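Residues per chain are reported as follows:
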Amino acid sequence: MCENDQNKSNRVLYIYSELLNDKVLKKKELVEKFHVNEKTIQRDLEDIRQFLDNQFVSEDVHNDLVYDYKDRGYRFEHISKMKFSNDEVLAICKILLDSRAFRKDDMKTILDKLLDCCVPKESQKMVTDLISNEIYHYIPPMHNSYFLDKMWSIGTAIRDGLKIQFFYKGIQGKTGHERTVKPLAIMFSEYYFYLVAILENVNRQTQFDNPDDINPTIYRIDRIKDLKITSEHFLIPYKDRFEEGEFRKRIQFMFGGKLKRVKFEYSGYSVEAVLDRLPTAKILSEDDGKYVIQAEVFGEGIDMWLRSQGDKVKILKY
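In this report, we go over the structure that sits alongside the text. Being a predicted model, the structure only gives us computed values, none of them experimental.

Rules used throughout
Residues numbered from 1 in each chain as written. Predicted model: local features only at pLDDT ≥ 70, side-chain atom pairs only at ≥ 80, totals over all residues. Heavy atoms only, no water. Pairing = 2+ DSSP bridges. Helix = DSSP H or I, 4+ residues; strand = E, 2+ residues; numbered from the N terminus. Axes fitted to C-alpha atoms, helices over the stretch in contact; angles between N-to-C directions. Contact = heavy atoms within 4.5 Å. Parallel < 35°, antiparallel > 145°, perpendicular 65-115°, else oblique. Nonpolar A, V, L, I, M, F, W, Y, C, P; charged D, E, K, R; others polar. Salt bridge = Lys/Arg side-chain N within 4 Å of Asp/Glu carboxyl O. Buried < 20%, exposed > 50% of the residue type's maximum accessible area, 1.4 Å probe, protein only. Core = buried A, V, L, I, M, F, W, Y, C linked by side-chain atoms within 4.5 Å. Expected span 1.5 Å × (residues − 1).

**A few points about the sheet that holds strand β8 (residues 259–266)**
- Strand order across the open sheet formed by four strands is β9-β10-β8-β11, with antiparallel pairing between neighbours. Looking at the sheet topology across the chains shown, the edges are occupied by β9 (282–287) and β11 (313–317). Across the sheet, the mean angle from the axis of one strand to that of its neighbour is 25°, orientation sign disregarded.
- In terms of strand pairing, β8 meets β11 through four bridges, oriented antiparallel. Each bridged residue has a counterpart across the sheet, and for F264 the counterpart in β11 is I315.
- Packed onto the sheet, helix α11 (residues 301–308) meets β8, β10 (290–298) and β11 and runs at close to 5° relative to β8.

Listed below in structure tokens is the structure:
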């Protein structure tokens, strides 16, 4: 290998290793260090950039060579194929804000972490500007309580198959009750997180409107007080496991109850919106903009939705 080739290899390897160590390299300083002109350093940087582009085809993590205008030098920016793109992060931020699921301070903390971890620095201001007005006017849920640590504790109990105990007072209840349950799943719907669980040690005849209802009970997590994870394990056979996806398709507004089929006539503007609201819905017939639709649903939540449609819905079978 000739002297020039050896010098170039040493120079390029030095620049590359410094960049890997998160150094910001200035072209003028490199010129002085290696006693070459700026065009030579620029070619070295382009060779490194080409090498990185070729690596990106097969590697999950990619170092992109960028010029940092603030520090007036070149540095590596770490990009992962597995991370979100700018447009994906913007969409997630919008969904989070629209959910109104958290206290304002919790929401801002989550969004800040999301932007910091998943958005390149030069794009963070743009995404922040696009959501800043919604953050400023954000209104938290009325309960305005901290519950994330409680939700995590419930999640670990679900994973480990441990029964939990807590004090619970529902929306309609005048007094609360001590509950012991087998936790099955955590779900989100209409501003709130819910625990789906099998209730134990309760007189169903006196405390249930429908004592024969064998479906899981549903609790808003922010209303759960004095949560205790017991050491008592429970086991549900695989064939009887709770499937959140199937449950989600059949429940409205997280109101529990019996599984039933409803049939109704819809004459509104968007049948697509009906099919999105009721994932199990099927169009049985259509005549001059009037659709006969059938859906399989749990509980009484469907009543709320049907009534909300006014004269656009006519119930045929319930």
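On we go.
**Here we look at the packing of helix α4 (residues 86–99) against helix α5 (residues 104–118)**
- Remark: α4 packs on α5, axes separated minimally by 11 Å, with the N-to-C direction vectors making an angle of 175°. By the angle between their directions, the pair α4 and α5 is classed as roughly antiparallel. Along the contact surface, α4 presents V89, I92, C93, L96, L97 and S99, while α5 presents M107, I110, L111, L114, L115 and C118.
- For the contact of α4 with α5, the class distribution of residues is 11 nonpolar, one polar and no charged.

**Quick look at the pattern of salt bridges**
- If you walk through the whole model with that rule in mind, you get 22 salt bridges.
- Note that K125 is salt-bridged to D129, the shortest N-O span being 2.9 Å. With K125 and D129 both in helix α6 (residues 121–136) and four residues apart, the pair spans about one turn of that helix.
- The exposure class assigned to K125 is exposed, which follows from its relative accessible area of 58%.
- Residue D129 is classed as partly exposed on the basis of its relative accessible area of 44%.
- For R261, the salt bridge identified is with E296, shortest N-O distance 3.9 Å. Of this pair, R261 sits in strand β8 while E296 sits in strand β10; the two residues are 35 residues apart in sequence, bridging distant segments of the chain.
- Owing to a relative accessible area of 54%, R261 belongs among the exposed residues under this scheme.

**Side note on unusual backbone geometry**
- If you check the backbone angles, R100 has positive phi at about 50° while not being a glycine.
- Checked against the element boundaries, R100 lands in the loop between α4 and α5.
- The class of R100 is partly exposed, set by a relative accessible area of 29%.
- Phi is positive for D288, close to 55°, though the residue is something other than glycine.
- By the secondary structure assignment, D288 is in the loop between β9 and β10.

**A short note on the nonpolar core**
- Counting 32 residues, the largest nonpolar core has F102, L111, F166, V181, L195 and Y219 as its most contacted members.
- Sorting the residues of this core by element identifies α4, α5, α6, α7 (148–160), β3 (162–168) and β5 (192–200) as the ones contributing at least two each.
- Here this core takes five residues from α5, the largest share from any one element.
- Ignoring anything within four residues of it in the chain, the contact list for V181 reads K163, I164, F166, L195, A197, I198, L199 and Y219.
- Y266, L278, I302 and L306 belong to the second-largest nonpolar core, a separate cluster that totals 14 residues.

**Digging into α7**
- Taking 1.5 Å of rise per residue, the 13 residues of α7 would be expected to cover 18 Å, and the 19 Å separating its terminal C-alpha atoms lies within 8% of that figure.
- The inward-facing, buried residues of α7 abut β3, β4 (177–189), β5 and β7 (224–233).
- Looking one or two residues past α7, G161 carries a phi angle of roughly 65°, positive in sign.

**Remarks on the sheet that holds β7**
- Across the sheet, five strands lie side by side as β6-β5-β4-β3-β7; this open sheet has antiparallel pairing. Edge strands, defined here as strands with exactly one partner in the open sheet, are β6 (217–220) and β7. Adjacent strand axes in the sheet meet at a mean angle of 45°, parallel and antiparallel pairs treated alike.
- With five bridges connecting them, β3 and β7 associate as antiparallel partners. Bridge pairing in β7 links Q165 to K228.

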